[in-house]
Amino acid sequence: MILLSLNGGVSVKKVIRRLSTLVCADQMEIVLGIGDMPLAIEPPTCFAGFRVVHTAVSEDIGKARAAAIRAAAAPIVVLGEDHSFPTEGWAQALLAEFESGVAGVGPRI
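Residues numbered from 1 in each chain as written. Predicted model: local features only at pLDDT ≥ 70, side-chain atom pairs only at ≥ 80, totals over all residues. Heavy atoms only, no water.

Novice: Could you give an account of the layout of surface pockets, with specific residues and numbers?
Specialist: Volume-wise, the largest pocket comes out at about 510 Å³. Every residue lining the largest pocket is counted, 24 residues in all, and those nearest its centre are Met28, Ile76, Val78, Ala91 and Leu95. At the level of secondary structure, the elements contributing two or more residues to the lining of the largest pocket comprise strand 2 (29-33) and helix 3 (90-99). Among the elements that take part in the lining of the largest pocket, helix 3 stands out by supplying six residues, more than any other. For the lining of the largest pocket, a count of residues per class yields 20 nonpolar, three polar and one charged. (1 Å grid on protein atoms, 1.4 Å probe; cavity = no way out; pocket = protein on both sides within 12 Å on 5 of 7 lines; lining within 4 Å. Points joined across faces, edges and corners; volume = space filled by probe spheres on them. Helix = DSSP H or I, 4+ residues; strand = E, 2+ residues; numbered from the N terminus. Nonpolar A, V, L, I, M, F, W, Y, C, P; charged D, E, K, R; others polar.)

Novice: Residue-level account of the environment of valine 78, with values.
Specialist: Mapped onto the fold, valine 78 is located in the loop between helix 2 (61-71) and helix 3. In this structure the C-alpha to C-alpha distance between valine 78 and methionine 1, which are 77 residues apart in sequence, comes to 4.8 Å. Every residue in contact with valine 78, bar those within four places of it in the chain, is listed here: Met1, Ile2, Trp90 and Leu94. (Contact = heavy atoms within 4.5 Å.)

Novice: Which residues make up the sheet that holds strand 2, and what are the values?
Specialist: Strand order in this open sheet of three strands is 1-2-3, and the pairing throughout is parallel. Strand pairing shows two members of the sheet lacking a second neighbour, strand 1 (2-4) and strand 3 (49-53), which therefore form its edges. Shown here is a sheet whose adjacent strand axes are inclined to one another by a mean of 20 degrees, direction ignored. Of the strand pairs in this sheet, strand 1 and strand 2 are connected by three bridges, and their pairing is parallel. Following the sheet pairing, leucine 3 is matched in strand 2 by leucine 32. Sitting on the sheet, helix 2 touches strand 1, strand 2 and strand 3, and the angle it makes with strand 1 is about 140 degrees. (Pairing = 2+ DSSP bridges. Axes fitted to C-alpha atoms, helices over the stretch in contact; angles between N-to-C directions.)

Take a look at the structure:
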């Protein structure tokens, strides 16, 4: 999951906490784009991976997301938001759609 934060990760702390409760948490990688400031949260250890990318989050959100996507090791990435809290089964539903052969999927809001 790609997450961006203007305050070193504090703004996405609740999302990360929620993701950590999912059954598939140990199979997920979190890539956190935080701009030029230092990481302000404790790096979570329950995920398959956690990376911090220093990218200009406040200047261009598209470029910041692209930088975080390029830093991801996972073959499938999801763009997360600081106000969106995935529920159990969310990741599995998205992955199931990829098995049908589509090029991209996204959550329904």
